[in-house]
Amino acid sequence: MKHIKEASWIRSPRNFLGSVTTFTREISFDKDIKKAYLEASALGVYAAYINGKKVGDAYLAPGWTEYAERIQVETCDVTAMLTGRDTVEIELAPGWKCGMSPAWAGNIKAKPVSPSLGACEAAAIFALTVEFTDGSEQVFTSGSSWLAERSKYLESGIYDGYVYDANFTDPEPLPAQEIFHTKDTLVDRIGERITAHERLPVKEIIITPKGETVLDFGQNMTGFIEFRIKGKKGERALIEHGEVLDKDGNFYRDNLRSAKARAEFVCDGEERLMTPEHTFFGFRYARLTGWSDGIKPENFTAVVVHSELRRTGYFECSDERVNKLFGNIIWGQKGNFLDVPTDCPQRDERLGWTGDAQVFVKTASYNFDVERFFEKWLADLRTAQRPWGGVPHVIPDVFDPDMFSSAAWADAVTVCPWQMHLTYGGSEIIEKSLDSMKRWIGYIDMFIRDGIWRVGRHFGDWLNLEHDSNGPCDVGVDKDLIATAFYIYSSELLIKSIELCGGDAEEYKANRQRSIEAFRREYMVGGKIRPEYETQTACVLASHFGISPDVAETAAQLNDLVTACGHLKTGFVGTPYLLHVLSDNGYAETAYSLVLREEYPSWLFSVKMGATTIWEHWDSLRADGSMWSIGMNSFNHYAYGSVADWLYGDAAGIKTDESAPGFKHIIFAPLTDGRLSYVKASIESRYGVIGSEWHTENGVTEYTFTVPEGCTASVILGGKTAEIGPGVHKFN
Ligand code: BGC
């Protein structure tokens, strides 16, 4: 940041709530330019244009943060765009600043972002600096010298989409209004830019049984539709977005709840190419109404938008269904890593749910380089955490003040930094997070009675199947049991973190041990979960978090439970560890059976039903084509995609070693299965690409491991361990 703090925050002098304001200024200079750059930020989202051309390639800048603490500044080189007589325009839209609290969660939270701005008002700040070859410079800063007009986007919102009137010109542009808002919260961008990625053509134009025209892009995705349109002056063309068709093949969008998710274009009779800004949609299908030009597939392109993340992980095997599942997981991550890790991208939610992020973080960090992405989100998490340690359910925190601290959700505080450390190797994120981890454990300590965390307000093993899937989502698995197990787990991560930073963790160790003993007394008999608490998830947590006095017995109990019914029953909390517990304890075959099962409930059931992303529920869409209730049914929810960390870590067998994190020392321990003839995976670590593959032919399996320069690895096969160095190694 150089000059932006010399600028003033500005807003529209008039209240067109929910619409977009354009700030315009003509600039001129006669000297030769050496360099020019635009620094810009907003409480809201902005897009900048010079002489009608978009500045930079970011969408929804400056992203979404805990505004009270930090607002990112985007800096773009504009040297090549300036001529000396230039029109500069900054469009400012409400974006995430307004209306981000869904109807069901109460109203916009009380915490005011700025005393000078209403809850639904946006503001911008920017500085255009032109450096000349003679060493002088000129800075054009936002202020009342800019003209503010209502833009052609008459409406714009994250949930509702937009209304764009090509005929509209504000009859009364007025000087922008300067407001007081602190500039101390401005920071250089710490996350990744949101940019456009794939451009998907129309796969099919469908005329539904109801006679509606629906575009199918063939992939559930997040982004927007770019379209070419002429139409007649004043004519309204409407696009509505949806993820699935209903069982009769009709367009369906009831699961978006109150989100209008529409794009409405008012034609001016000229041919236009509309590339929308300021919002995004989660969709595969689009219903079109009012297109008098006729509907030609070449006029529509679905543009995929997400944070600029480098792909690092790949997996394939001999079963195409599993490959499709893996592809769906990648799409799920693309769709929900849009500056903040969100639960879903389509309905009136799209929030940074801590639990979902915690469940998926390991998979996420193998698929893509998400270190910076999580660094930003975790900074907001620390900011939003209450001084006494409570952690809001969603980050940025837009809920009513009393919505926080569910077990397995708030534990994102410990789980996410620790995973960043394991995958990428650095300890800076741990140092930064240590205080917040301590405050979280300290918060739980206030509620611990005789070692057990009693009567918290938790989401339980969200969406598990230990009860009727139509019932409430948070029952079926005892909540105190989950809460106490996660307290033990988070304490373990805190203890490791403290020790990593050279501190003393004795007190936390004693408290953790006290809770382990209490858990055993309360919920277990020997190595087994007591009958009244017996669920798959209870066995999973007791085993995976090192609570059980006899993990072999608990895992056997889990294996019995799974094989007795033939399928998984776990929800958000148990699912990420279910397969690990099975395969770590000699039940790899059961784990593979769960992965390869395609009847409901299973991962491949959704694949069989034609899914192109991961569903929120095991039965979001049922075999008979009916759907889980409209109340909460997303078709792009990444949580269950956490199975990919087992595909990388166990099927392909690429594991981190906690004593040499960041894959400095790799553990290769692949698990073969007769139902697959090969598995192949790679993860690009900070040291280079790690590879593992195995092929079985005529009963003989050949393994190939690739170790990057600077790394070592242990290969564990058939109970024997071999140590290897950099290079490609083959084993039989
Ligand atoms: C979200 C979830 C989230 C949950 C909390 C839902 O509405 O979509 O993914 O974790 O609420 O239980």
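Quick note: structure is the one above.
Residues numbered from 1 in each chain as written. Predicted model: local features only at pLDDT ≥ 70, side-chain atom pairs only at ≥ 80, totals over all residues. Heavy atoms only, no water.

Engineer: Got a minute to help me understand the packing of aromatic side chains in this structure?
Structural biologist: Geometrically, a pair of aromatic rings is defined through the distance of the ring centres and the angle of the planes. Evaluation of the coordinates by the stated rule reveals 52 aromatic pairs. When the ring of Tyr 592 is compared with that of Trp 646, the centres are 5.1 Å apart and the planes differ by 80°; the resulting orientation is edge-to-face. Taken together, the residues Tyr 592 in helix H11 (residues 588–596) and Trp 646 in helix H13 (residues 644–651) connect sequence positions 54 residues apart. Both residues of the pair, Tyr 592 and Trp 646, belong to the buried class. Relative to Phe 635, the ring of Trp 615 lies with its centre 5.8 Å away and its plane at 80°, an arrangement referred to as edge-to-face. Taken as a pair, Trp 615 in the loop between helix H12 (603–608) and H13 and Phe 635 in the loop between H12 and H13 lie far apart in primary sequence, 20 residues in all. Given the relative accessible area of 6%, Trp 615 is considered buried. Members of the aromatic cluster, each reached through a chain of ring pairs, are Tyr 153, Tyr 162, Tyr 164, Phe 227, Phe 265, Phe 281, Trp 291 and Phe 300. (Phe/Tyr/Trp six-rings, centres within 6.5 Å; stacked < 30°, edge-to-face > 60°. Helix = DSSP H or I, 4+ residues; strand = E, 2+ residues; numbered from the N terminus. Buried < 20%, exposed > 50% of the residue type's maximum accessible area, 1.4 Å probe, protein only.)

Engineer: Can you walk me through the packing of helix H9 (residues 551–565) against helix H10 (residues 575–584) in this structure?
Structural biologist: Axis angle and axis distance: for two packed helices, these are the angle between their axes and the distance between the axes, and together they describe the pair. Interaxial distance between H9 and H10 falls to 9 Å at its minimum, and their mutual angle equals 115°. Our classification of the angle between H9 and H10 gives roughly perpendicular. Note on packing geometry: the crossing formed by H9 with H10 is left-handed. Counted together, Ala 555, Leu 558, Asn 559 and Val 562 of H9 and Leu 578, Val 581 and Leu 582 of H10 form the full contact between these two elements. The class makeup of the residues in the contact of H9 with H10 is 6 nonpolar, 1 polar and no charged. (Axes fitted to C-alpha atoms, helices over the stretch in contact; angles between N-to-C directions. Parallel < 35°, antiparallel > 145°, perpendicular 65-115°, else oblique. Left-handed = near helix turned anticlockwise from the far one by under 90°. Contact = heavy atoms within 4.5 Å. Nonpolar A, V, L, I, M, F, W, Y, C, P; charged D, E, K, R; others polar.)

Engineer: Where do I start with the pattern of salt bridges in this structure?
Structural biologist: In the structure shown here, the tally under the stated rule is 47 salt bridges. One salt bridge connects Lys 479 with Asp 474, and the closest N-O pair in it is separated by 2.7 Å. Residue classification places Lys 479 among the partly exposed positions, given a relative accessible area of 25%. Close ionic contact of Lys 509 with Glu 506 constitutes a salt bridge, the shortest N to O distance being 3.6 Å. In this pair, Lys 509 and Glu 506 both sit in helix H7 (residues 506–523), 3 residues apart, roughly one turn of the helix. Since its relative accessible area comes to 46%, Glu 506 is described here as partly exposed. Taken together, the shared-partner salt bridges in this structure form one network comprising Arg 257, Asp 343, Arg 347, Asp 348, Glu 349 and Glu 616. (Salt bridge = Lys/Arg side-chain N within 4 Å of Asp/Glu carboxyl O.)

Engineer: Teacher, can you tell me more about unusual backbone geometry here?
Structural biologist: Most of the time, phi is negative for any residue but glycine, and the peptide bond is trans. Pro 396 follows Ile 395 through a cis peptide bond whose omega is -5°. Position of Pro 396 relative to the elements: it lies in the loop between helix H3 (371–384) and helix H4 (412–424). Along the chain, Tyr 600 connects to Pro 601 via a cis peptide bond; the corresponding omega equals -10°. Within the secondary structure, Pro 601 sits in the loop between H11 and H12. At Asn 51, a position not held by glycine, the phi torsion is positive, near 50°. Tracing the backbone through its elements, the reader meets Asn 51 in the loop between strand S4 (45–50) and strand S5 (53–54). Residues other than glycine seldom take positive phi values, yet Phe 663 does so here, at roughly 65°. Topologically, Phe 663 is positioned in the loop between strand S33 (654–656) and strand S34 (665–668). Given the relative accessible area of 0%, Phe 663 is considered buried.

Engineer: Help me out: how do you make sense of the sheet that holds strand S38 (residues 712–717) in this one?
Structural biologist: Each strand in a sheet pairs with its neighbour through backbone hydrogen bonds, running either in the same direction (parallel) or in the opposite one (antiparallel). Strand order in the open sheet formed by 4 strands is S33-S34-S38-S39, with mixed pairing between adjacent strands. Looking at the sheet topology across the chains shown, the edges are occupied by S33 and strand S39 (720–724). The average angle at which neighbouring strand axes cross in this sheet is 25°, direction not considered. (Pairing = 2+ DSSP bridges.)

Engineer: Help me out: how do you make sense of the state of the cysteines in this one?
Structural biologist: Linking two cysteines covalently via their sulfur atoms produces the bond known as a disulfide. Applying the stated rule across the entire model yields 0 disulfides. No disulfide involves Cys 539; its sulfur sits 12 Å from that of Cys 565, the nearest cysteine. (Disulfide = S-S within 2.5 Å.)

Engineer: Looking at this structure, how should I read the sheet that holds S5?
Structural biologist: If you walk across this open sheet you meet the 6 strands as S5-S4-S7-S2-S10-S13, and the pairing is antiparallel. Two strands in the sheet have a free side with no partner beyond their single neighbour: S5 and strand S13 (174–175). Of the pairings in the sheet, the one linking strand S2 (residues 21–28) to strand S10 (residues 147–150) comprises 4 bridges and is antiparallel in character. Note that in S10 the partner of Phe 23 across the bridge is Ala 148.

Engineer: Can you walk me through empty space enclosed by the protein in this structure?
Structural biologist: Here the idea is plain: a probe the size of a water molecule rolls over the atoms and shows the empty space left. In the structure shown here, the tally under the stated rule is 7 cavities of 30 Å³ or more. In this structure, the largest cavity occupies an estimated 160 Å³ of space. Ser 12, Phe 16, Thr 21, Glu 121 and Ala 122 are, among the 15 residues lining the largest cavity, the residues nearest its centre. Tallied by class, the residues present in the lining of the largest cavity amount to 7 nonpolar, 5 polar and 3 charged. Taken as a whole, the second largest cavity spans an internal volume of roughly 100 Å³. What lines the second largest cavity is a set of 13 residues, and nearest its centre among them are Tyr 46, Val 55, Ala 58, Ala 61 and Cys 76. Secondary structure elements with two or more residues in the lining of the second largest cavity: S4 and strand S6 (71–77). (1 Å grid on protein atoms, 1.4 Å probe; cavity = no way out; pocket = protein on both sides within 12 Å on 5 of 7 lines; lining within 4 Å. Points joined across faces, edges and corners; volume = space filled by probe spheres on them.)

Engineer: Honestly, the layout of surface pockets in this entry has me stumped. Any pointers?
Structural biologist: One number sums up the size of the largest pocket: a volume of about 660 Å³. Lining of the largest pocket is provided by 27 residues; of these, Lys 362, Leu 422, Tyr 489, His 544 and Glu 658 occupy positions nearest its centre. Of all elements in the fold, only helix H2 (354–367), H4, helix H6 (479–500), helix H8 (536–544), H10, H13 and S33 reach the threshold of two or more residues within the lining of the largest pocket. Ranked by residues supplied to the lining of the largest pocket, first place goes to H2 with 5 residues. Along the lines of polarity and charge, the residues of the lining of the largest pocket split into 12 nonpolar, 7 polar and 8 charged. Each pocket or cavity is described by its volume, and for the second largest pocket that value is around 570 Å³. For the lining of the second largest pocket, the secondary-structure elements that each account for two or more residues are S2, strand S7 (85–93), S10 and strand S23 (272–274). Here the lining of the second largest pocket is built from residues that sort into 9 nonpolar, 6 polar and 11 charged.

Engineer: Is there a simple way to explain the pairing of strand S17 (residues 204–207) in this structure?
Structural biologist: Sheet faces and side chains relate simply in a regular strand, where the side chains alternate between the two faces. Where S17 meets strand S18 (residues 213–229), 4 bridges bridge the pair, whose relative direction is antiparallel. Counterpart to Ile 206 in the pairing with S18 is Val 214. The antiparallel hairpin formed by S17 and S18 contains 5 residues in its connecting segment, where Gly 211 sits at a positive phi of about 90°.

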